[in-house]
Amino acid sequence: MTITAGTEAELAVIDGLIAEQEAALLERTPASARIMEEARGSLAGGVASSWQDAPPRAIWIDHGKGSKITDVDGTTYVDLHNGFGAMLVGHAHPAVVKAVQERVALGTHFAQPVPDLIPVAEELARRFDQPKWRYTNSGTESTLAAVNLMRVVKNRPKLIKVEGTYHGHHDAVQVSVYPDLEDCGPVESPHSVPVHRGISPEVAANTLVVPYGDVAAVRRALEANPGQVAGMIIEPMMMNIGVVTPPPNYLADLKEELQRHDVLLTFDEVKTGLTVHPGGATGLLGVTPDIVCLAKSMGGGLPCGAVGASAEVMALVEDDSYEVVGTFNGNPLTMAAAKATLLEVLTPEAHAHVEALRDRMVAGAEDVLGRYGIEGYVSAYGAKGAVTFSATRINNFRDFLAYDGRYGHVHWLFQHNGGVFLPPWGKVEQWTLSVQHTNDDVDVFLMNLETFAKALKG
Ligand SMILES: Cc1ncc(COP(=O)(O)O)c(C=O)c1O
């Protein structure tokens, strides 16, 4: 019998494979199970961050080196999770280790500026075409600063965000992140759906929601709220529903539309910054916003973040109209790691190496999908990429809701049991390559994809 993609028959095969692969994963990770049980006694839910406990159970890690990580059961994986995309430098990169070791002996925190702040800011300015910078400690803090800054600059309360995007866990952006379809409202003017009941209705109402890729929807939101909107925050390429790229001219047209209404534009490049291109999505797509938010990969694996903006916007930080503050902002250890990351590790040759690996991933994965007749496609830029198991391209959150997440999950399980650690939440996330990955690493990924394809299609 031929089984067609997405049919009941194929989904029954998928359910069977999920059961089999989850059992295999649980069977070979007893130390993770033991530690998780112990952790539940003192850590809420047994983990430090809720998304660390992905089904079937959190895998506890012992150490990482180069392109690989080893779990507490002693299993070594090619790491394409890469700390939710933060480890573009790979694990324990010698240049980062040296920089951190040298700095740690000199004191790790003063809450006073240290000279390393300057070369890092200069390099970010060069790469992202924003003249002035401030540091934070996470992506959430970066988008928090950007949203507040837009409001202070324009002295208006409202914000526009895209349906289905994640910008961190502060209230203003905890709206319509992964809303249920029944709550979403009309596709052209989605409802503002708070993520949890701790977000007040007033806060949610100040965050207007639009579909990705639709400038007319932004225009309508602006016209319906005259003089009320301070700015729009957007992930220039959506990175929490696989990898979604903007339609032609979308970002340029968006910027123009916002400018027409005297409204600011922030790019949340927490995931795309440095990974999709040396200059992030800004560099890749050629549109420069008013504010750029960074975090993750700029810090070589230390907690980090940064906000860059035009001189006009940062003037309001300089005159204290809006204070970007934080005890650990510009922490010396983070700055030492960021300096090594930006100036020593992420050279043009290193970026080119990642691009070549990406080409191998894409060509190999497309070949497997084609040979086995699997409905899906590969979307990849720089270090980032995903196999999306959908017959049609995912262009926005509604498209994402419409296809079955079990394919992504079972693929994740096959990769995991085959020695490749992709980010969990298979339908949502994408791989991140590092400068320390090799062709051999890519080939293990491709072999596992083929094993999955064979199991599915026979
Ligand atoms: C696009 C985007 N913005 C912001 C954040 C929040 O970053 P953090 O987890 O460092 O607070 C994330 C985290 O995944 C993200 O993907």
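Everything quoted here is computed from the prediction, not taken from an experiment.

K.L.:
Quick one: what's the story with the sheet that holds strand β11 (residues 377–381), residue by residue and with numbers?
P.N.:
Spatial strand order, β11-β12-β14: 3 strands in an open sheet with antiparallel pairing. The sheet terminates laterally at β11 and β14 (431–432), the two strands that pair on one side only. The strands touched by helix α14 (residues 348–372) within the sheet are β11, β12 (384–388) and β14, with β11 carrying the most contacts at an inclination of about 175 degrees.

K.L.:
Describe helix α5 (residues 117–128), and please don't skip the residues or the numbers.
P.N.:
Since one α-helical turn is 3.6 residues long, residues separated by three or four positions face the same way. Its 12 residues place the ends of α5 16 Å apart at the C-alpha level, agreeing with the 16 Å of an ideal helix rising 1.5 Å per residue. On its buried face, α5 is in contact with β4 (132–136), α11 (280–285), β9 (291–294), β10 (305–309), α13 (332–345) and α14. The first or second residue beyond α5 is Asp129, which carries a positive phi of 60 degrees.

K.L.:
How would you summarise the pairing of strand β8 (residues 264–268) if you had to cite specific residues and measurements?
P.N.:
The buried fraction of β8 is high, at 5 of 5 residues. Side chains Leu264, Thr266 and Asp268 project from β8 onto one buried face, and the interleaved Leu265 and Phe267 project onto a second face that is buried too. With 4 bridges joining them, strand β7 (residues 229–234) and β8 adopt parallel strand pairing. Residue pairing across strands places Gly231 opposite Leu264, the latter belonging to β8. Read as a crossover between parallel neighbours, the route from β7 over helix α10 (residues 250–260) to β8 is right-handed. One ladder, built from 3 bridges, connects β8 with β9; its direction is parallel. Within β9, the position partnered with Phe267 by the bridge is Val292. Read from β8 through α11 to β9, the crossover connection turns out right-handed.

K.L.:
Could you give an account of the packing of helix α1 (residues 8–27) against helix α16 (residues 406–417), naming the residues involved and the relevant values?
P.N.:
In contact at an axis separation of 9 Å, α1 and α16 are set at 35 degrees when each is read in the N-to-C sense. Of the two elements, α1 crosses α16, and the hand of that crossing is left-handed. Counting all contacts with α1, which are made through Glu10, Leu11, Ile14, Asp15, Leu17, Ile18, Gln21, Glu22, Ala24 and Leu25, the residues of α16 involved are Arg406, Tyr407, His409, Val410, Trp412, Leu413, Phe414, His416 and Asn417. Here the residues of the contact of α1 with α16 sort into 11 nonpolar, 4 polar and 4 charged.

K.L.:
Outline the site of the ligand, supporting the account with residue identities and numerical values.
P.N.:
Close to the ligand lie Ser138, Gly139, Thr140, Tyr166, His167, Gly168, Glu235, Asp268, Val270, Lys271 and Lys296, which account for all nearby residues. Between the ligand and Gly139, the relevant distance is 2.8 Å, taken from an oxygen atom to a main-chain nitrogen or oxygen of the residue. A distance of 2.6 Å separates an oxygen atom of the ligand from a polar side-chain atom of Thr140. Protein chains bury 83% of the 390 Å² of accessible surface belonging to the ligand in isolation.

K.L.:
Got a sec to walk through the nonpolar core? Specific residues and values, please.
P.N.:
Nonpolar side chains tend toward joint burial in soluble globular proteins. Leu80, Leu124, Met298, Trp431, Leu433 and Phe445 are the most contacted members of the largest nonpolar core, which totals 70 residues. Of the residues forming this core, the biggest block, 9 residues, is contributed by α14. Non-local contacts of Met298, meaning those with residues more than four positions away in its chain, are made with Leu124, Tyr135, Leu274, Cys304, Gly305, Ala306, Ala338 and Thr341. Membership of the second largest hydrophobic core comes to 31 residues, among which are Val218, Met238, Ile241 and Tyr250.

K.L.:
Describe in detail the sheet that holds β4, supporting the description with residues and values.
P.N.:
Ordered by their spatial adjacency, 7 strands build an open sheet running β4-β10-β9-β8-β7-β5-β6, and the pairing between neighbours is mixed. Two strands bound the open sheet, and with one partner strand each, they are β4 and β6 (207–210). Within the sheet, the average angular offset between the axes of one strand and its neighbour, ignoring direction, is 20 degrees. Of the strands in this sheet, β4, β9 and β10 touch α5, which is tilted by about 120 degrees from β4.

K.L.:
How would you explain the pattern of salt bridges if you had to name every residue and give the values?
P.N.:
The tally for this structure, following the rule as stated, stands at 22 salt bridges. We note a salt bridge from Lys98 to Glu102, for which the minimum N-O separation is 3.3 Å. Note that Lys98 and Glu102 are positioned in helix α4 (residues 94–104) at a spacing of 4 residues, about one turn of the helix. With a closest N to O distance of 3.2 Å, Glu257 and Arg219 form a salt bridge. Placement of the pair is Glu257 in helix α10 and Arg219 in helix α9 (residues 215–224), with a sequence separation of 38 residues. Given the relative accessible area of 33%, Arg219 is considered partly exposed. Three or more residues are tied together by salt bridges with common partners; here these are Arg219, Glu256, Glu257 and Arg260.

K.L.:
Explain the environment of Asn137 to me, and be specific about the residues and the numbers.
P.N.:
Locating Asn137 in the fold gives a position in the loop between β4 and α6 (139–154). Along the sequence, Asn137 and Asn439 sit 302 residues apart, while their C-alpha atoms lie 33 Å from each other. With residues up to four places along the chain from it excluded, the contact list for Asn137 reads Pro303, Cys304, Gly305, Phe328 and Asn329.

K.L.:
Can you lay out helix α12 (residues 311–318) for me, pointing to particular residues and giving the numbers?
P.N.:
Of all the positions in α12, only Val313, Met314, Leu316 and Val317 are classed as buried. Projection of α12 onto a plane perpendicular to its axis shows the buried side chains occupying an angular sector of 140 degrees, all on one side. In this fold, the buried residues of α12 make contact with β4, α6, β8, β9 and β10. Asp320 lies just past α12 and shows a positive phi near 65 degrees.

The rules behind these values
Residues numbered from 1 in each chain as written. Predicted model: local features only at pLDDT ≥ 70, side-chain atom pairs only at ≥ 80, totals over all residues. Heavy atoms only, no water. Pairing = 2+ DSSP bridges. Helix = DSSP H or I, 4+ residues; strand = E, 2+ residues; numbered from the N terminus. Contact = heavy atoms within 4.5 Å. Axes fitted to C-alpha atoms, helices over the stretch in contact; angles between N-to-C directions. Expected span 1.5 Å × (residues − 1). Buried < 20%, exposed > 50% of the residue type's maximum accessible area, 1.4 Å probe, protein only. Right-handed = clockwise from strand over helix to strand, strands pointing away. Left-handed = near helix turned anticlockwise from the far one by under 90°. Nonpolar A, V, L, I, M, F, W, Y, C, P; charged D, E, K, R; others polar. Near = heavy atom within 4 Å. Polar contact = N/O pair within 3.5 Å; in protein donor to acceptor, adjacent residues only side chain to side chain. Areas by Shrake-Rupley, 256 points an atom, 1.4 Å probe, with all protein chains shown as cover. Core = buried A, V, L, I, M, F, W, Y, C linked by side-chain atoms within 4.5 Å. Salt bridge = Lys/Arg side-chain N within 4 Å of Asp/Glu carboxyl O. Arc of directions from axis to C-beta.

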